[in-house]
Amino acid sequence: MVFDEDGSLDPTLKFLLYAVLTLAIGKMIWEWLTEDVSRWITDDLWSLIAAHPWWTGCVVAGGLAVLILLGAILSSRPGRSTYVSPDDAAVAQAGDVVEAEALTFRMRQLAAMTATGFEQACADLLARDGFRRPLRVGGAGDLGVDVTARDSEDRLLILQCKQYQNPVGSGHVQKFNGTARPHHGADIPVMIALNGFTQPAVDFARHHQLILVGRPELKKWAHGQHLYDVIGIQRTTL
């Protein structure tokens, strides 16, 4: 696969292109230092191009593509707090607001958000899917609930959102299990982890009927699928 989901070049191919460019530049510098640049340009380089026109074209095209791609990546790289929720953007012009039903995120965007921004993004995705009264309530003392919402059957959805760099362990899932239904009265307790869960966490959640949304499921949801379709819950029109 040449490009990943965020449009960046495959690391192996990027390394090979860098190696080719580095060798070419190194040869040029060496010839320059030995005061033989004119011969290298007129004889060596032309002979190489004449002998391998296709390879030369591929190298040149690849180098240009790398430069263009690097410029695009650097210019579009998000900061840690680039995401602004619709409520925070209320002062924007109406024509600049993205319609809720078209809302999508790339995984790199979700990873670059603050913890609060990640929670708000999950709430906004619920709004996109038609859930009622999606609300971000996470913070100090939230007792395991970051986002709440209700579906068309008035079932209470409780989301806990983990933006950890590593898979979420069983201890966090056990704490969520202790508050989601007993304390908050969740009908559908969902725990979301940007980078997935450990196997003990998955086993515990399965035993206690908690819904885990790991990286593959989160990607589908963020890219436009309805949450209930991703987690396998039958739904009526929301």
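Higher on the page you've got the structure.
Definitions and cut-offs
Residues numbered from 1 in each chain as written. Predicted model: local features only at pLDDT ≥ 70, side-chain atom pairs only at ≥ 80, totals over all residues. Heavy atoms only, no water. Helix = DSSP H or I, 4+ residues; strand = E, 2+ residues; numbered from the N terminus. Buried < 20%, exposed > 50% of the residue type's maximum accessible area, 1.4 Å probe, protein only. Contact = heavy atoms within 4.5 Å. Patch = residues over 30% accessible without salt bridge, like charges linked within 9 Å, V, L, I, M, F, W, Y side chains within 5 Å. Areas by Shrake-Rupley, 256 points an atom, 1.4 Å probe, with all protein chains shown as cover. Salt bridge = Lys/Arg side-chain N within 4 Å of Asp/Glu carboxyl O. Axes fitted to C-alpha atoms, helices over the stretch in contact; angles between N-to-C directions. Parallel < 35°, antiparallel > 145°, perpendicular 65-115°, else oblique. Nonpolar A, V, L, I, M, F, W, Y, C, P; charged D, E, K, R; others polar. Core = buried A, V, L, I, M, F, W, Y, C linked by side-chain atoms within 4.5 Å.

(A) Layout of the overall build of the protein chain. A tally of regular secondary structure across the protein chain gives nine helices and five strands. Ordered by position from N to C terminus, the α and β elements of the protein chain give α-α-α-α-α-β-β-β-α-β-α-β-α-α. Here the protein chain holds 238 residues, and the buried ones make up 35% of them. Looking at the protein chain alone, contacts between residues at least 24 apart form 58% of all its contacts between residues at least 6 apart.

(B) Region of the structure containing a nonpolar patch on the surface. Taken together, the side chains of Val 60, Leu 64 and Ile 68 present a nonpolar region at the surface, about 310 Å² in accessible area. Exposure remark for Val 60: the relative accessible area of 48% places this residue in the partly exposed category.

(C) Representation of the packing of helix H5 (residues 115-128) against helix H8 (residues 215-222) in the model. It is the contact of H5 with H8, at a shortest axis distance of 11 Å, that shows an interaxial angle of 55°. For the element pair H5 / H8, the angle class is oblique. Note on element contacts: H8 touches H5 through Leu 218, Trp 221 and Ala 222, opposite Phe 118, Cys 122, Leu 125, Leu 126 and Arg 128. Considered class by class, the residues forming the contact of H5 with H8 number seven nonpolar, no polar and one charged.

(D) Region of the structure containing the nonpolar core. Within the largest apolar cluster, 31 residues are counted, with the highest numbers of intra-cluster contacts made by Leu 110, Leu 126, Leu 159, Ile 192, Leu 218 and Trp 221. Those elements that place two or more of their residues in this core are helix H4 (107-112), H5, strand E2 (147-150), strand E3 (156-162), strand E4 (188-193), strand E5 (211-213), H8 and helix H9 (227-231). Looking at which element gives the most residues to this core, the answer is H5, with six residues. Once residues within four sequence positions are removed from consideration, Leu 126 is found in contact with Phe 131, Pro 134, Val 147, Ala 149, Leu 157, Leu 159, Trp 221 and Leu 227. Judged by nonpolar contacts, the second largest core, of 16 residues, contains Phe 176, Ala 180, Ala 186 and Leu 210.

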